[in-house]
Amino acid sequence: MLTIKPIPAFNDNYIWHLSSTTENWIVDPGDAAPVVEALEGQHLDGILVTHHHWDHTGGIGALREAYQCPVIGPDSIPDVNQAVVDGKVFELFGLPTSVLVIPGHTLDHIALVIQEGTRAHLFCGDTLFAAGCGRVFEGTSAQMHSSLASLAALPADTLIYCGHEYTEANLNFAATVEPNNLAVTQRLAEVQKLRQQGKPSLPSSIAQELETNPFLRCNLASVRAQALHHGADKDADEVAVFAALRRWKDNF
Ligand code: ZN
Ligand code: FE
(Lines give C-alpha, C1' and ligand atoms only; values in the text may rest on other atoms or scores of the structure.)
(Ligands and ions follow the chains in the order given, each with its own letter.)
Protein backbone atom coordinates (compact mmCIF):
# COMPACT_ATOMS: atom_id res chain seq x y z
CA MET A 1 0.00 0.00 0.00
CA LEU A 2 1.17 3.47 -0.97
CA THR A 3 1.49 6.20 1.68
CA ILE A 4 1.53 9.76 0.35
CA LYS A 5 2.51 12.67 2.59
CA PRO A 6 3.34 16.33 1.96
CA ILE A 7 6.75 17.68 2.95
CA PRO A 8 6.31 21.46 3.34
CA ALA A 9 9.02 23.57 1.69
CA PHE A 10 9.59 27.33 1.35
CA ASN A 11 6.44 29.38 2.05
CA ASP A 12 3.74 27.25 0.49
CA ASN A 13 5.29 24.46 -1.61
CA TYR A 14 4.59 20.79 -1.06
CA ILE A 15 7.14 18.13 -1.96
CA TRP A 16 5.16 14.89 -2.10
CA HIS A 17 6.68 11.86 -0.38
CA LEU A 18 5.48 8.50 -1.69
CA SER A 19 6.43 5.48 0.34
CA SER A 20 5.81 1.78 0.81
CA THR A 21 7.47 -0.49 3.37
CA THR A 22 10.44 -0.85 1.01
CA GLU A 23 10.63 2.25 -1.26
CA ASN A 24 10.66 6.05 -1.15
CA TRP A 25 10.02 8.40 -4.05
CA ILE A 26 9.48 12.15 -4.01
CA VAL A 27 7.79 14.60 -6.35
CA ASP A 28 9.13 18.11 -7.09
CA PRO A 29 11.92 18.57 -4.53
CA GLY A 30 12.49 22.33 -4.62
CA ASP A 31 14.75 21.89 -1.60
CA ALA A 32 16.86 18.88 -0.53
CA ALA A 33 17.09 19.47 3.24
CA PRO A 34 13.43 18.84 4.18
CA VAL A 35 13.46 15.67 2.03
CA VAL A 36 16.54 14.26 3.78
CA GLU A 37 14.86 15.04 7.11
CA ALA A 38 11.59 13.34 6.11
CA LEU A 39 13.46 10.22 4.95
CA GLU A 40 14.81 9.70 8.51
CA GLY A 41 17.86 7.84 7.25
CA GLN A 42 16.01 5.72 4.67
CA HIS A 43 17.17 5.47 1.07
CA LEU A 44 15.60 7.59 -1.66
CA ASP A 45 14.70 5.39 -4.65
CA GLY A 46 13.81 8.09 -7.13
CA ILE A 47 12.63 11.59 -7.94
CA LEU A 48 9.70 12.69 -10.11
CA VAL A 49 9.53 16.21 -11.56
CA THR A 50 6.55 18.04 -13.11
CA HIS A 51 8.21 21.17 -14.58
CA HIS A 52 11.40 23.20 -14.59
CA HIS A 53 10.65 25.97 -12.05
CA TRP A 54 13.27 26.25 -9.28
CA ASP A 55 10.79 25.75 -6.46
CA HIS A 56 10.15 22.24 -7.87
CA THR A 57 13.70 21.38 -8.98
CA GLY A 58 16.16 23.20 -6.68
CA GLY A 59 16.88 20.12 -4.53
CA ILE A 60 17.28 17.57 -7.33
CA GLY A 61 21.04 17.95 -7.88
CA ALA A 62 21.97 17.39 -4.23
CA LEU A 63 19.51 14.49 -3.78
CA ARG A 64 20.58 12.76 -6.98
CA GLU A 65 24.18 13.06 -5.88
CA ALA A 66 23.48 11.77 -2.37
CA TYR A 67 21.26 8.83 -3.34
CA GLN A 68 22.40 8.06 -6.92
CA CYS A 69 18.72 7.69 -7.83
CA PRO A 70 16.78 8.04 -11.09
CA VAL A 71 15.15 11.39 -11.88
CA ILE A 72 12.05 11.03 -14.05
CA GLY A 73 10.58 14.11 -15.72
CA PRO A 74 10.65 16.40 -18.78
CA ASP A 75 13.91 16.36 -20.76
CA SER A 76 14.12 20.18 -20.50
CA ILE A 77 15.47 19.71 -16.94
CA PRO A 78 19.25 19.03 -16.92
CA ASP A 79 19.17 16.73 -13.86
CA VAL A 80 16.52 14.43 -15.39
CA ASN A 81 18.07 11.10 -16.42
CA GLN A 82 14.86 9.32 -17.47
CA ALA A 83 12.96 11.63 -19.79
CA VAL A 84 9.22 11.05 -20.10
CA VAL A 85 7.08 10.83 -23.22
CA ASP A 86 3.36 11.70 -23.47
CA GLY A 87 1.16 8.72 -22.67
CA LYS A 88 4.09 6.59 -21.60
CA VAL A 89 3.27 4.06 -18.86
CA PHE A 90 5.90 2.77 -16.47
CA GLU A 91 5.81 1.12 -13.05
CA LEU A 92 6.29 2.81 -9.69
CA PHE A 93 5.86 0.69 -6.56
CA GLY A 94 4.75 -2.02 -9.00
CA LEU A 95 1.78 0.21 -9.97
CA PRO A 96 1.02 1.44 -13.50
CA THR A 97 2.01 5.10 -13.78
CA SER A 98 1.20 7.22 -16.79
CA VAL A 99 2.50 10.52 -18.10
CA LEU A 100 0.26 13.36 -19.31
CA VAL A 101 1.78 16.30 -21.16
CA ILE A 102 0.00 19.43 -19.89
CA PRO A 103 1.60 22.65 -21.22
CA GLY A 104 0.43 26.12 -20.20
CA HIS A 105 2.03 27.09 -16.86
CA THR A 106 5.30 26.07 -18.53
CA LEU A 107 5.77 24.42 -21.90
CA ASP A 108 7.49 21.39 -20.35
CA HIS A 109 4.83 20.70 -17.71
CA ILE A 110 3.76 17.09 -17.20
CA ALA A 111 1.46 15.27 -14.79
CA LEU A 112 1.84 11.75 -13.42
CA VAL A 113 -1.04 9.42 -12.64
CA ILE A 114 -0.38 6.41 -10.42
CA GLN A 115 -3.11 3.78 -10.52
CA GLU A 116 -3.47 1.98 -7.19
CA GLY A 117 -6.24 -0.60 -7.55
CA THR A 118 -9.39 1.33 -8.47
CA ARG A 119 -7.98 4.62 -7.15
CA ALA A 120 -5.81 7.02 -9.16
CA HIS A 121 -3.34 9.52 -7.65
CA LEU A 122 -2.62 12.63 -9.75
CA PHE A 123 0.55 14.69 -9.32
CA CYS A 124 0.01 17.86 -11.31
CA GLY A 125 2.57 20.41 -10.07
CA ASP A 126 1.44 23.96 -10.81
CA THR A 127 -1.24 23.23 -13.43
CA LEU A 128 -4.36 22.22 -11.52
CA PHE A 129 -4.51 23.58 -7.96
CA ALA A 130 -7.22 22.94 -5.40
CA ALA A 131 -9.93 25.43 -6.43
CA GLY A 132 -7.60 27.14 -8.89
CA CYS A 133 -4.90 26.76 -11.52
CA GLY A 134 -1.36 27.92 -12.17
CA ARG A 135 -0.51 31.13 -13.95
CA VAL A 136 -0.03 30.86 -17.68
CA PHE A 137 3.67 31.76 -17.94
CA GLU A 138 4.95 30.05 -21.07
CA GLY A 139 2.02 28.56 -22.93
CA THR A 140 -1.20 30.02 -24.30
CA SER A 141 -4.58 30.18 -22.59
CA ALA A 142 -5.81 27.62 -25.12
CA GLN A 143 -3.04 25.21 -24.07
CA MET A 144 -3.73 25.72 -20.36
CA HIS A 145 -7.48 25.32 -20.84
CA SER A 146 -6.97 22.11 -22.78
CA SER A 147 -4.46 20.78 -20.21
CA LEU A 148 -6.93 21.46 -17.40
CA ALA A 149 -9.69 19.78 -19.40
CA SER A 150 -7.58 16.63 -19.79
CA LEU A 151 -7.05 16.50 -16.00
CA ALA A 152 -10.73 17.22 -15.31
CA ALA A 153 -11.62 14.21 -17.49
CA LEU A 154 -9.87 11.80 -15.08
CA PRO A 155 -12.16 9.65 -12.90
CA ALA A 156 -14.07 11.71 -10.31
CA ASP A 157 -12.46 9.94 -7.34
CA THR A 158 -8.90 10.64 -8.56
CA LEU A 159 -6.92 12.23 -5.71
CA ILE A 160 -5.05 15.44 -6.57
CA TYR A 161 -1.63 16.29 -5.12
CA CYS A 162 -0.58 19.71 -6.41
CA GLY A 163 2.55 21.74 -5.78
CA HIS A 164 1.33 24.53 -3.52
CA GLU A 165 -0.96 25.26 -0.58
CA TYR A 166 -3.01 27.93 -2.32
CA THR A 167 -6.46 26.51 -1.61
CA GLU A 168 -7.81 29.16 0.78
CA ALA A 169 -6.86 32.10 -1.46
CA ASN A 170 -8.20 30.21 -4.48
CA LEU A 171 -11.53 29.63 -2.73
CA ASN A 172 -11.80 33.32 -1.85
CA PHE A 173 -11.52 34.03 -5.56
CA ALA A 174 -13.94 31.18 -6.41
CA ALA A 175 -16.48 32.67 -3.98
CA THR A 176 -16.20 36.00 -5.79
CA VAL A 177 -16.72 34.37 -9.19
CA GLU A 178 -19.59 32.19 -7.94
CA PRO A 179 -21.14 33.83 -4.86
CA ASN A 180 -24.11 31.45 -5.06
CA ASN A 181 -22.09 28.24 -5.24
CA LEU A 182 -22.77 26.53 -1.89
CA ALA A 183 -20.04 23.93 -2.47
CA VAL A 184 -17.49 26.76 -2.63
CA THR A 185 -18.77 28.40 0.58
CA GLN A 186 -18.73 25.07 2.43
CA ARG A 187 -15.28 24.14 1.16
CA LEU A 188 -13.89 27.55 2.12
CA ALA A 189 -15.11 27.05 5.71
CA GLU A 190 -13.59 23.54 5.84
CA VAL A 191 -10.26 24.71 4.43
CA GLN A 192 -10.09 27.71 6.79
CA LYS A 193 -10.53 25.31 9.71
CA LEU A 194 -7.80 22.95 8.42
CA ARG A 195 -5.37 25.82 7.88
CA GLN A 196 -6.04 27.26 11.35
CA GLN A 197 -5.04 23.82 12.68
CA GLY A 198 -1.90 23.92 10.52
CA LYS A 199 -3.12 20.99 8.38
CA PRO A 200 -2.79 20.74 4.59
CA SER A 201 -5.95 21.21 2.50
CA LEU A 202 -4.79 18.44 0.14
CA PRO A 203 -5.27 16.03 -1.48
CA SER A 204 -8.28 17.26 -3.37
CA SER A 205 -10.31 15.15 -5.80
CA ILE A 206 -11.53 15.68 -9.34
CA ALA A 207 -15.13 15.55 -8.05
CA GLN A 208 -14.41 18.38 -5.60
CA GLU A 209 -12.68 20.43 -8.30
CA LEU A 210 -15.54 20.04 -10.77
CA GLU A 211 -17.86 21.51 -8.10
CA THR A 212 -15.67 24.32 -6.77
CA ASN A 213 -12.90 25.25 -9.22
CA PRO A 214 -14.01 28.19 -11.39
CA PHE A 215 -11.31 27.42 -13.97
CA LEU A 216 -12.99 24.06 -14.66
CA ARG A 217 -16.41 25.74 -14.85
CA CYS A 218 -15.91 28.18 -17.75
CA ASN A 219 -18.76 26.46 -19.61
CA LEU A 220 -21.33 27.69 -17.05
CA ALA A 221 -23.47 30.70 -17.96
CA SER A 222 -22.92 32.25 -14.50
CA VAL A 223 -19.13 32.03 -14.78
CA ARG A 224 -19.23 33.35 -18.34
CA ALA A 225 -21.37 36.30 -17.20
CA GLN A 226 -18.74 37.18 -14.57
CA ALA A 227 -15.96 36.93 -17.16
CA LEU A 228 -17.88 39.38 -19.35
CA HIS A 229 -17.69 41.89 -16.49
CA HIS A 230 -13.93 41.26 -16.27
CA GLY A 231 -12.62 41.79 -19.76
CA ALA A 232 -14.09 38.99 -21.87
CA ASP A 233 -16.02 40.24 -24.89
CA LYS A 234 -19.58 39.27 -25.67
CA ASP A 235 -18.78 36.55 -28.17
CA ALA A 236 -16.09 35.02 -25.95
CA ASP A 237 -15.69 31.26 -26.32
CA GLU A 238 -14.73 29.01 -23.41
CA VAL A 239 -11.00 29.65 -23.86
CA ALA A 240 -11.60 33.43 -23.82
CA VAL A 241 -13.71 33.04 -20.66
CA PHE A 242 -10.86 31.05 -19.12
CA ALA A 243 -8.32 33.70 -20.16
CA ALA A 244 -10.43 36.50 -18.66
CA LEU A 245 -10.81 34.58 -15.37
CA ARG A 246 -7.07 33.92 -15.24
CA ARG A 247 -6.26 37.63 -15.83
CA TRP A 248 -8.80 38.62 -13.18
CA LYS A 249 -7.23 36.19 -10.69
CA ASP A 250 -3.72 37.49 -11.52
CA ASN A 251 -4.84 40.89 -10.21
CA PHE A 252 -7.17 39.66 -7.45
ZN1 ZN B 1 5.74 26.53 -11.36
FE1 FE C 1 5.59 26.29 -8.08
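Quick caveat: nothing in here was measured; it's all calculated off a predicted structure.

Brief notes about the sheet that holds strand S10 (residues 119-123)
Each strand in a sheet pairs with its neighbour through backbone hydrogen bonds, running either in the same direction (parallel) or in the opposite one (antiparallel).
Part 1 of the argument: Taken in spatial order, the six strands make up an open sheet running S7-S8-S9-S10-S13-S14, and their pairing is mixed. The open sheet terminates on both sides in strands that have one partner only, identified here as strand S7 (89-92) and strand S14 (204-205).
Part 2 of the argument: By the bridge criterion, five bridges tie strand S8 (residues 95-101) to strand S9 (residues 110-116) in an arrangement that is antiparallel. Its bridge partner lying in S9, Val-101 is registered against Ile-110.

Looking at the coordination of the iron ion (ligand 2)
Part 1 of the argument: Protein-derived coordination of the iron ion (ligand 2) comes from Asp-55 (OD), His-56 (NE2), Asp-126 (OD) and His-164 (NE2), at a distance range of 2.1 to 2.3 Å.
Part 2 of the argument: Geometry at the iron ion (ligand 2) is irregular, judged from the four donor atoms that bind it and their angles of 84 to 168° at the metal.
Part 3 of the argument: Linear spacing of the donor residues for the iron ion (ligand 2) on their chain is D-H-x69-D-x37-H.
Part 4 of the argument: Between the two metals, the iron ion (ligand 2) and the zinc ion (ligand 1), the spacing is 3.3 Å, and Asp-126 donates to both.

Some remarks on unusual backbone geometry
Part 1 of the argument: Here the residue pair Leu-202 and Pro-203 is connected by a cis peptide bond, since its omega of 0° sits within 30 degrees of zero.
Part 2 of the argument: As for its position among the elements, Pro-203 is in the loop between helix H6 (182-196) and S14.
Part 3 of the argument: Residue Asp-28 is not a glycine yet carries a positive backbone phi of 60°.
Part 4 of the argument: With respect to the helices, strands and loops of the structure, Asp-28 is situated in the loop between strand S3 (24-27) and helix H1 (33-39).
Part 5 of the argument: On the basis of relative accessible area, Asp-28 is assigned to the buried category, the value being 4%.

Considerations on the pairing of S8
The two faces of a sheet get side chains in turn, since along a regular strand they alternate between them.
Part 1 of the argument: As paired strands, S7 and S8 are joined by four bridges and run antiparallel to one another. From the neighbouring strand, Leu-92 faces S8, where its bridge partner is Leu-95.
Part 2 of the argument: Connecting S7 to the antiparallel partner S8 that follows it, the hairpin turn spans two residues, and Phe-93 within it adopts a positive phi of roughly 55°.

What about the coordination of the zinc ion (ligand 1)?
Part 1 of the argument: Bound to the zinc ion (ligand 1) on the protein side are His-51 (NE2), His-53 (ND1), His-105 (NE2) and Asp-126 (OD), at distances that span 2.2 to 2.3 Å.
Part 2 of the argument: Angles of 88 to 166° at the metal separate the four donor atoms of the zinc ion (ligand 1), which places the site in the irregular class.
Part 3 of the argument: Between consecutive donors of the zinc ion (ligand 1), the numbers of intervening residues give the motif H-x1-H-x51-H-x20-D.

So, how was this worked out
Residues numbered from 1 in each chain as written. Chains lettered and ligands numbered in written order. Predicted model: local features only at pLDDT ≥ 70, side-chain atom pairs only at ≥ 80, totals over all residues. Heavy atoms only, no water. Pairing = 2+ DSSP bridges. Helix = DSSP H or I, 4+ residues; strand = E, 2+ residues; numbered from the N terminus. Donors = N, O, S within 2.8 Å, 3.2 Å for Na, K, Ca; no water. Tetrahedral: all angles 85-135°; square planar, octahedral: opposite > 155°, others 65-115°. Buried < 20%, exposed > 50% of the residue type's maximum accessible area, 1.4 Å probe, protein only.

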